[in-house]
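Analysis of the macromolecular model
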Amino acid sequence: MSNKVLGDTELQSDVLEDLNAAGNYRRWLCSLGLPYFGDDVLEIGSGMGYYASDWADMGVPKLTASEADPARLRDLHSRFDGDPRVQVRELTVPIDETGDYSAVVAYNVLEHIPEQVEALKAFSGLVRPGGAVVLVVPAFQFAMSRFDLEIGHQRRYTKRSMAEALTAAGLEIERCHYINMWGLLAWYGAVKLLNRRPQESAMLTAYDKLYVPVERRIESKVRVPFGQSVFAVARAR
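Once that is clear, we can look at the overall build of the chain. Of the regular secondary structure elements, the chain holds nine helices and seven strands. For 237 residues, the compact-globule formula gives about 18 Å, and the C-alpha radius of gyration of the chain, at 17 Å, lands near that figure. Reported as C-alpha extents along the three principal axes, the dimensions of the chain are approximately 45 × 40 × 40 Å. Split into buried and exposed, the 237 residues of the chain put 52% on the buried side. Pairs at least 24 residues apart make up 78% of the contacts formed inside the chain by residues separated by at least 6 positions. Approximately 11,000 Å² of the chain is accessible, and the part contributed by carbon and sulfur atoms is 53%. Of note, the chain has its 27 positive side-chain charges centred 7 Å away from the centre of its 31 negative side-chain charges.

The next point concerns the pattern of salt bridges. Scanning the model with the defined rule gives 14 salt bridges in all. Between Asp-54 and Arg-26 there is a salt bridge, with its nearest N and O atoms 2.6 Å apart. Here the residue Asp-54 occupies a position in helix H3 (residues 50-57), and Arg-26 occupies one in helix H2 (residues 23-33), the gap between them amounting to 28 residues. Residues Asp-40 and Lys-62 are paired through a salt bridge, measuring 3.9 Å at the closest nitrogen-oxygen approach. Residue Asp-40 is located in the loop between H2 and strand S1 (41-43), and its partner Lys-62 is located in the loop between H3 and strand S2 (63-67); the two are separated by 22 residues in the primary sequence.

Along the chain, Met-144 turns up in the loop between strand S5 (127-138) and helix H6 (146-150). A C-alpha to C-alpha distance of 9.0 Å links Met-144 and Val-191, two positions 47 residues apart in sequence. Ignoring anything within four residues of it in the chain, the contact list for Met-144 reads Leu-149, His-153, Gln-154, Arg-155, Arg-156 and Lys-192.

When helix H5 (residues 116-125) is considered as a whole, its buried residues turn out to be Gln-116, Ala-119, Leu-120, Ala-122, Phe-123 and Ser-124. At its buried positions, H5 is contacted by strand S4 (101-107), S5 and helix H7 (159-168).

Summed over the entire model, instances satisfying the criterion amount to 12 aromatic pairs. Judged by centre distance (5.8 Å) and plane angle (80 degrees), the ring pair of Trp-182 and Phe-226 falls under edge-to-face. With Trp-182 in helix H8 (residues 181-193) and Phe-226 in the loop between helix H9 (202-219) and strand S7 (229-235), this residue pair connects regions lying 44 residues apart in the sequence. By relative accessible area, Trp-182 is classed as partly exposed at 43%. Here the aromatic residues Phe-37, Tyr-51, Trp-55 and Tyr-107 are joined through ring pairs into a cluster of three or more.

Backbone-to-backbone hydrogen bonds pair the strands of a sheet. The strands run either parallel or antiparallel. Taken in spatial order, the seven strands of this open sheet run S3-S2-S1-S4-S5-S7-S6, and their pairing is mixed. Every interior strand has two partners, whereas the edge strands, strand S3 (86-90) and strand S6 (172-179), have only one. Strand-to-strand twist of the sheet, defined as the mean angle between neighbouring strand axes without regard to direction, takes the value 15 degrees. Relative to S3, S2 is paired through five bridges, and the arrangement is parallel. Opposite Leu-63, over in S3, you have Val-86 as the bridge partner. Running over the sheet, helix H4 (residues 70-80) touches S2 and S3 and is turned about 160 degrees from S3.

Next up on the list: the nonpolar core. Proteins that are soluble and globular tend to have nonpolar side chains buried together. In terms of nonpolar packing, the biggest core is built from 42 residues, with Ile-44, Leu-110, Leu-120, Phe-123, Leu-135 and Met-162 touching the most fellow members. When contributions to this core are tallied by element, the ones reaching two or more residues are S4, H5, S5, H7, S6, H8 and S7. Look past the residues within four positions of Leu-110 in its chain and what remains in contact with it is Gln-116, Ala-119, Leu-120, Phe-123, Leu-135, Val-137, Arg-155, Tyr-157 and Met-162. Judged by nonpolar contacts, the second largest core, of 33 residues, contains Leu-32, Phe-37, Leu-73 and Val-134.

The space that makes up the second largest pocket amounts to roughly 150 Å³. Residue classes in the lining of the second largest pocket are distributed as five nonpolar, two polar and five charged.

Quick notes on the rules
- Residues numbered from 1 in each chain as written.
- Predicted model: local features only at pLDDT ≥ 70, side-chain atom pairs only at ≥ 80, totals over all residues.
- Heavy atoms only, no water.
- Helix = DSSP H or I, 4+ residues; strand = E, 2+ residues; numbered from the N terminus.
- Rg over C-alpha atoms; globule rule 2.2 N^0.38 Å.
- Buried < 20%, exposed > 50% of the residue type's maximum accessible area, 1.4 Å probe, protein only.
- Contact = heavy atoms within 4.5 Å.
- Areas by Shrake-Rupley, 256 points an atom, 1.4 Å probe, with all protein chains shown as cover.
- Lys, Arg positive; Asp, Glu negative; His and termini not counted.
- Charge placed at Lys NZ, Arg CZ, Asp CG, Glu CD.
- Salt bridge = Lys/Arg side-chain N within 4 Å of Asp/Glu carboxyl O.
- Phe/Tyr/Trp six-rings, centres within 6.5 Å; stacked < 30°, edge-to-face > 60°.
- Pairing = 2+ DSSP bridges.
- Axes fitted to C-alpha atoms, helices over the stretch in contact; angles between N-to-C directions.
- Core = buried A, V, L, I, M, F, W, Y, C linked by side-chain atoms within 4.5 Å.
- 1 Å grid on protein atoms, 1.4 Å probe; cavity = no way out; pocket = protein on both sides within 12 Å on 5 of 7 lines; lining within 4 Å.
- Points joined across faces, edges and corners; volume = space filled by probe spheres on them.
- Nonpolar A, V, L, I, M, F, W, Y, C, P; charged D, E, K, R; others polar.

Right, dumping it as structure tokens:
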């Protein structure tokens with residue numbers, strides 16, 4: 001068995017480029033992780049660097065963006081070389097090193113890795129004692145679509161399955177809850193039932209401009225019973 005990240009990386013990059021238009025949604029996810037970062041953060045699977053750029057603009061004091069894919073790594077260097085706020089490094093999976101970061105953040109990465117518990121143990125080994133592992137993963141197996149499989153998703157999560165994986169990896173759970181409640185229904189309808197690929201469109205623009213700010217305000221006050229994703233924070237012992 002392997003904990004290598006799986007999926008069509010060219011398709012993943014195309015989708016990341018298309019979804020860059022959803023700036024409100026991306027900044028919402030960025031704001032969720034920000035309070036747990038500390039002073040020296042490693043992002044695993046930085047993709048095109050959109051999250052890293054937003055976090056740098058939000059004032060993260062020291063951020064390292066990482067990638068295993070050579071094409072994406074070149075894109076990250078092109079984007080951030082010369083920007084003192086963001087360092088770029090290659091980090092291949094499986095991870096066989098340790099570190100002293102204040103936090104590791106991995107958004108929409110863990111679902112690509114077959115051996116999730118081993119991956120979480122590796123993430124934990126990259127942070128100092130008490131450091132945070134901050135995750136966003138897609139929610140609910142019933143929403144698994146052909147598109148999920150094409151981009152290498154091994155699973156989708158519930159709060160319970162995410163908590164079980166974190167506990168099995170020896171991490172102490174601080175937060176684990178659903179986010180983007182109605183986004184799950186939109187995903188199920190468009191991607192699962194209609195077999196559409198997420199991409200830049202007038203519908204996405206309207207969703208990001210009109211829906212996301214309202215849902216963000218609601219979910220800042222209440223925990224929703226379901227969502228498009230699970231957000232989790234756990235601490236290394």
